[in-house]
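Letter by letter, the chains look like this.
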Amino acid sequence: IKPAIWAALFAILAMLLGGGTLMHVASHKCSDDSLVEAGRSYTASWNWLSGERNLTTEAFTGRGEDYHGRQTRTRSGRICQQWGEQHPHRHDKNATALADTDLAGNYCRNPGGTALTIWCYTTDPGTRWEFCEPLGKAPWRHDCPNGYAIKEATSRE
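Residue numbering note: each chain is counted from 1, following its sequence as written. Residues qualify for local features only when their pLDDT is at least 70, as the model is predicted, and side-chain atom pairs are given and counted only at 80 or more; totals for whole chains, interfaces and linings, by contrast, use all residues. Derived side-chain values reflect all non-hydrogen atoms in the structure, with water molecules and hydrogen atoms excluded from consideration.

## What about the packing of aromatic side chains?
Inference 1: In this analysis, rings of Phe, Tyr and Trp, with Trp reduced to its six-membered ring, are considered paired at centre separations within 6.5 Å, and the interplanar angle assigns stacked below 30 degrees, edge-to-face beyond 60, and tilted for intermediate values. As enumerated under the stated definition, the model contains 6 aromatic pairs in all.
Inference 2: Considering the side-chain rings of W83 and Y121, the 5.7 Å spacing of their centres and the 70° angle between planes classify their relative orientation as edge-to-face. Remark: Y121 occurs in strand β1 (residues 119-121) and W83 occurs in the loop between α2 (35-49) and β1; sequence separation between them is 38 residues. Across this residue pair, the class does not change: W83 and Y121 are buried.
Inference 3: Each ring, one from W129 and one from F131, has its centre 5.0 Å from the other, and the planes form 85°; the classification is edge-to-face.
Inference 4: What links up through ring pairs into an aromatic cluster is the set W83, W119, Y121, W129 and F131. By the criteria applied, helices consist of DSSP H or I runs no shorter than four residues and strands consist of E runs no shorter than two, each listed in order from the N terminus. Per-residue accessibility, obtained with a 1.4 Å probe over protein chains only, is compared with the maximum for each type, and a residue is labelled buried under 20%, exposed over 50%, and partly exposed between these values.

## Looking at the nonpolar core
Inference 1: Counting residues in hydrophobic clusters, the biggest one holds 11 residues: Y67, C80, W83, L103, C108, A115, I118, W119, C120, Y121 and C132.
Inference 2: Here, two residues are considered to be in contact whenever any of their heavy atoms come within 4.5 Å of each other. Aside from chain neighbours lying at most four places away, what touches W83 is H91, K93, L103, A104, G105, N106, Y107, R109, P111, W119, C120 and Y121. Within this scheme, the nonpolar core is defined by two criteria: the residues are buried Ala, Val, Leu, Ile, Met, Phe, Trp, Tyr or Cys, and they are joined through side-chain atoms within 4.5 Å.

## Concerning the pattern of salt bridges
Inference 1: What counts as a salt bridge is simple: a side-chain nitrogen of Lys or Arg found within 4 Å of a carboxyl oxygen of Asp or Glu. Overall, the coordinates contain 3 salt bridges when judged by the stated rule.
Inference 2: The partner of R75 in a salt bridge is E133, and the shortest N-O contact between them spans 2.8 Å. You can see R75 sitting in the loop between α2 and β1 and its partner E133 sitting in the loop between β2 (129-131) and α3 (153-156), a full 58 residues away along the chain.
Inference 3: Since its relative accessible area comes to 42%, R75 is described here as partly exposed.
Inference 4: Here R78 and E130 are joined by a salt bridge, their closest N and O atoms 2.9 Å apart. With R78 in the loop between α2 and β1 and E130 in strand β2, this pair connects stretches of sequence that are 52 residues apart. Accessibility assignment for this pair places R78 and E130 in one class, buried.
Inference 5: Here the salt bridges share partners, and the residues they tie into one network are R78, D124 and E130.

## Quick look at the state of the cysteines
Inference 1: Put simply, a disulfide is two cysteine sulfurs that come within 2.5 Å. If you walk through the whole model with that rule in mind, you get 2 disulfides.
Inference 2: Between the sulfur of C80 and that of C120 lies a disulfide, 2.1 Å long from S to S. With the S-S dihedral at roughly -75°, the linkage between C80 and C120 falls on the left-handed side. On the criterion of sequence distance, the pair formed by C80 in the loop between α2 and β1 and C120 in strand β1 is long-range, its members being 40 residues apart. The pair C80 / C120 is uniform in exposure class, with both members buried.
Inference 3: The side chain of C108 participates in a disulfide bridge whose partner is C132; the two sulfur atoms lie 2.1 Å from each other. Across the S-S bond linking C108 and C132, the dihedral sits near -75°, which makes this disulfide left-handed. Of this pair, C108 sits in the loop between α2 and β1 while C132 is found in the loop between β2 and α3, placing the two residues 24 residues apart along the sequence. Across the pair, C132 and C108 agree in class, each one buried.

## Some words on the environment of A104
Inference 1: Within the fold, A104 resides in the loop between α2 and β1.
Inference 2: C-alpha of A104 to C-alpha of Q82: the two residues are 22 residues apart in sequence and 7.6 Å apart in space.

Encoded structure:
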């Protein structure tokens, strides 16, 4: 067989594998997630489950007051509010008042260790705050408050 045919077969195989991987990641993403955000969470989970324990920023001890990870969603899938914002929820937790807590972006934290574990204020006006789980801890086992991107449950399986 000519090299051009082999190249075409290889390209088709690569597209099938790439498309399958993309659909697998997309099958569990929430409707309001970007594909990049869903991919990051999936990759972190896969790395953790496959034995790559290089997610050192996702580790914490005790109640998580030392957590400096990159989780931006609550256990139920709600997006975290920026710590520097006062909308939709007003609060007194900020980097100025709590200088040692790394209240950056919209990452889950437990400033001062006052809660049972890491948490954040949510962007949902009806839910002030919720607990979080670090990345790599079964993010596909959450509910999406606004539904999944792929509506049919059988298509997500």
